[in-house]
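The primary structure of each chain is shown beneath.
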Amino acid sequence: MVENAAFLPEVVRLIGEGHTVTLPLRGFSMRPFLEDRRDKAVLAAPGTPRKGDVVLAEIAPGCYVLHRIIAVEEYRIILQGDGNLTAESCPADGIKAVAIGFYRKGRSKLEPTSGLKWRAYSALWMRLRPARRYLLAIHRLFSAKQQR
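Residues numbered from 1 in each chain as written. Predicted model: local features only at pLDDT ≥ 70, side-chain atom pairs only at ≥ 80, totals over all residues. Heavy atoms only, no water.

(A) Main features of the overall build of the protein chain. The secondary structure content of the protein chain amounts to 3 helices and 8 strands. Starting at the N terminus and ending at the C terminus, the protein chain contains elements arranged as α-β-β-β-β-β-β-β-β-α-α. For the protein chain, the C-alpha atoms occupy an extent of roughly 45 × 35 × 30 Å along the three principal directions. Looking at the protein chain residue by residue over its 148 residues, the buried ones come to 40%. When the accessible area of the protein chain is evaluated, it comes to approximately 8,900 Å², of which 56% is carbon and sulfur surface. Averaged over its 24 positive side-chain charges, the protein chain has a centre that lies 11 Å from the centre of its 14 negative ones. (Helix = DSSP H or I, 4+ residues; strand = E, 2+ residues; numbered from the N terminus. Buried < 20%, exposed > 50% of the residue type's maximum accessible area, 1.4 Å probe, protein only. Areas by Shrake-Rupley, 256 points an atom, 1.4 Å probe, with all protein chains shown as cover. Lys, Arg positive; Asp, Glu negative; His and termini not counted. Charge placed at Lys NZ, Arg CZ, Asp CG, Glu CD.)

Dropping the structure here:
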């Protein structure tokens, strides 16, 4: 397995050359809808950062996250993983890629982020931020029961 510190700069380089990259997801910060080692993100060159976009961002030198933009300020972008309770930020040039779709639950059909399903989910989940702590706890409870 290649470490993210070596792998993700290469992904950023390829995207900078105009390629799209399909990236297997690692980590739990985008739960409940994107799962560790199950799902894949298709990444492309970023355009103008917009609230609600899922982006690959470098939040510190060599430290990358795939999180949703929750606010765009004049000099920085505020990000939060769907499964996280806290936010982080980066400068606008810290946005290295934007997710244009996801392969979820082992399916071979891409779910584009421009599609109605993804846009509706995103809008709803962002509105539920105040209740996220409780919704994630319920998700963890059901996930643990399913794994038994």
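Read on, since the account is not over.
(B) Looking closely at the side chain of Asp 53. Considering the arrangement of structural elements, one finds Asp 53 in the loop between strand E2 (40-44) and strand E3 (54-60). Under the relative-accessibility criterion, Asp 53 is labelled buried at 14%. Excluding anything up to four places from it in sequence, Asp 53 contacts Thr 48, His 67, Arg 68, Ile 69 and Val 98. (Contact = heavy atoms within 4.5 Å.)

(C) Inspection of unusual backbone geometry at higher detail. A positive phi angle is found at Arg 37, which is not glycine, with a value near 65°. Position of Arg 37 among the secondary structure elements: in the loop between strand E1 (21-24) and E2. The class of Arg 37 is exposed, set by a relative accessible area of 55%. If you check the backbone angles, Lys 105 has positive phi at about 55° while not being a glycine. Exposure remark for Lys 105: the relative accessible area of 47% places this residue in the partly exposed category.

(D) Representation of a nonpolar patch on the surface within the structure. A contiguous nonpolar patch, built from Leu 135, Ile 138 and Phe 142 and spanning about 270 Å² of accessible area, is present on the exposed surface. Following the sequence through the fold, Phe 142 ends up in helix H3 (residues 132-147). Owing to a relative accessible area of 51%, Phe 142 belongs among the exposed residues under this scheme. (Patch = residues over 30% accessible without salt bridge, like charges linked within 9 Å, V, L, I, M, F, W, Y side chains within 5 Å. Salt bridge = Lys/Arg side-chain N within 4 Å of Asp/Glu carboxyl O.)

(E) The state of the cysteines, seen in detail. For the coordinates displayed, the defined rule picks out 0 disulfides. Cysteine Cys 63 shares no disulfide, and the gap to the nearest cysteine sulfur, in Cys 90, comes to 11 Å. Note on Cys 63: relative accessible area 34%, which makes it partly exposed. For Cys 90, a relative accessible area of 3% puts it in the buried group. (Disulfide = S-S within 2.5 Å.)

(F) Structural detail: the pairing of E1. The alternating pattern of E1 places Val 21 and Leu 23 on a buried face and Thr 22 and Pro 24 on a face that is not buried. Relative to E2, E1 runs antiparallel, the two being bridged by 4 bridges. Residue pairing in the sheet places Val 21 in a bridge with Leu 43 of E2. (Pairing = 2+ DSSP bridges.)

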